[in-house]
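Results of the structural survey
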Amino acid sequence: MNINGLKVPIPSGSLNIAGGVAYRENPDAEFGFDQIFIPPTDGTKGVYSSPIEVPGGIFGLGIPSPGGLTTIKATVEPVALPTVDAFQLGVTLPARLKISNPLLGGNCYLGSASNPIMFKLGVSENGVLEEVPGFPDTAAVRNVTHADQTFAVPGASGCGLFGALNWAVNLRANVPSSSGHNSLTTTSDVFNIGADSLRTQ
C-alpha cells in the first residue's frame, strides 16, 4: 500500500475476505442478475484483518523505544459489506484504517462509516487455475494480482484526547490524500466453491 508516498508492506495472510454469493434477478444488469455478498454470521462482515506495522513508527525513523511507544499499527476495518464479483474476481471494500499506538487512544481512524476509504480491487494479472480435491464445482485461482489506484484517504479523526493528535497522524500519514496519489496492490488466492459442494461436505 502506498498512501501519498507512505509505503506500507502488507504481510502474507493479513487480510482475508470470505462469505457466500447469492444471485438476484435484475433485467438491467449486464448478465441479467446481481451478485449479493452473504457474510458469515460472526459479525465480521466477512473481512478478517490483522494489524499491520507501519515502517518507521511515529517518527518515520525506525527507532525502537521501551514499551513500543513509537510503534504504529494499522488494521483494515470494513464499514459496510464488501461487493464481490465471483466471475471477474473483483472486490469493492468500503473500509477505515484503525491506527493503533499507546499515545493515540483506541478510537483513532483514517476514514469512517460516512466517509470510507473505498478500495476497488480489480484483477491486474491473472493467476493459475487449479482444482480443489473433493469439490468438483470449484475454481481455485492462485496468485491473482489485484490493484487499485483510485481510492482517496481522508484525514484522521479521534486520535488522542478529543482528537488533539489528529494533526500529528495527518502529518505522518500524508493525509488527507486525494484519488490518484494512493495505490494498493495485493496477491491473493481466490476460491469459488459451489454451494452444493459445501452442503454435501
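Just so it is clear, the model here is predicted, and its values are computed rather than measured. (Residues numbered from 1 in each chain as written. Predicted model: local features only at pLDDT ≥ 70, side-chain atom pairs only at ≥ 80, totals over all residues. Heavy atoms only, no water.)

1. Overview of the pattern of salt bridges
Going through the model one piece at a time under the given rule, you end up with 4 salt bridges. The salt bridge partner of Glu130 is Arg142, with a shortest N-O separation of 3.1 Å. Highlighted residues: Glu130 in strand β13 (residues 128-132) and Arg142 in strand β14 (residues 135-148), separated in sequence by 12 residues. Across the salt bridge formed by Arg142 and Asp189, the nearest N and O atoms sit 3.2 Å from each other. In this pair, Arg142 sits in strand β14 while Asp189 sits in strand β16 (residues 182-193), placing the two residues 47 residues apart along the sequence. (Salt bridge = Lys/Arg side-chain N within 4 Å of Asp/Glu carboxyl O. Helix = DSSP H or I, 4+ residues; strand = E, 2+ residues; numbered from the N terminus.)

2. A look at the side chain of His146
Note that His146 resides in strand β14. Given the relative accessible area of 5%, His146 is considered buried. A distance of 2.6 Å separates the side chain of His146 from the backbone oxygen of Leu89, its partner in a polar contact. The residues contacting His146, other than those within four sequence positions of it, are Leu89, Leu121, Gly122, Val123, Ser124, Leu184, Thr185, Thr186, Ser188 and Val190. (Buried < 20%, exposed > 50% of the residue type's maximum accessible area, 1.4 Å probe, protein only. Polar contact = N/O pair within 3.5 Å; in protein donor to acceptor, adjacent residues only side chain to side chain. Contact = heavy atoms within 4.5 Å.)

3. Observations regarding the state of the cysteines
On inspection of all chains with the given rule, the structure shows 1 disulfide. Between the sulfur of Cys108 and that of Cys159 lies a disulfide, 1.9 Å long from S to S. Taking the torsion about the sulfur-sulfur bond, which here is approximately 70°, the covalent link between Cys108 and Cys159 counts as right-handed. Taken together, the residues span a long stretch of sequence, with Cys108 in the loop between β10 (90-100) and β11 (109-110) and Cys159 in the loop between β15 (156-157) and α1 (166-173) at a distance of 51 residues. For Cys159, a relative accessible area of 0% gives the class buried. (Disulfide = S-S within 2.5 Å.)

4. Focus: the packing of aromatic side chains
Scanning all chains against the criterion turns up 4 aromatic pairs. Seen from the ring of Tyr109, Arg96 lies directly overhead, with NZ or CZ sitting 3.8 Å from the centre. (Phe/Tyr/Trp six-rings, centres within 6.5 Å; stacked < 30°, edge-to-face > 60°. Lys NZ or Arg CZ within 6 Å of the ring centre and 35° of its normal.)

5. Considering the environment of Ser178
Assignment of secondary structure puts Ser178 in the loop between α1 and β16. On the basis of relative accessible area, Ser178 is assigned to the partly exposed category, the value being 42%. As for Ser178 and Ile3, which are separated by 175 residues in sequence, their C-alpha atoms are 9.5 Å apart. In contact with Ser178, not counting residues within four places along its chain, are Phe151 and Ala152. A polar contact is formed between the side chain of Ser178 and the side chain of His181, at a distance of 3.2 Å.

6. Remarks on unusual backbone geometry
Of note, the amide linkage connecting Val175 to Pro176 takes the cis form, showing an omega dihedral of 0°. In this structure, Pro176 sits in the loop between α1 and β16. A positive phi angle, near 60°, is found at Lys45, a position not held by glycine. Topologically, Lys45 is positioned in the loop between β5 (33-38) and β6 (47-49). The phi angle at Leu89 is positive, at roughly 65°, despite the residue not being glycine. Taking relative accessible area as the criterion, Leu89 reaches 18% and is therefore assigned buried.

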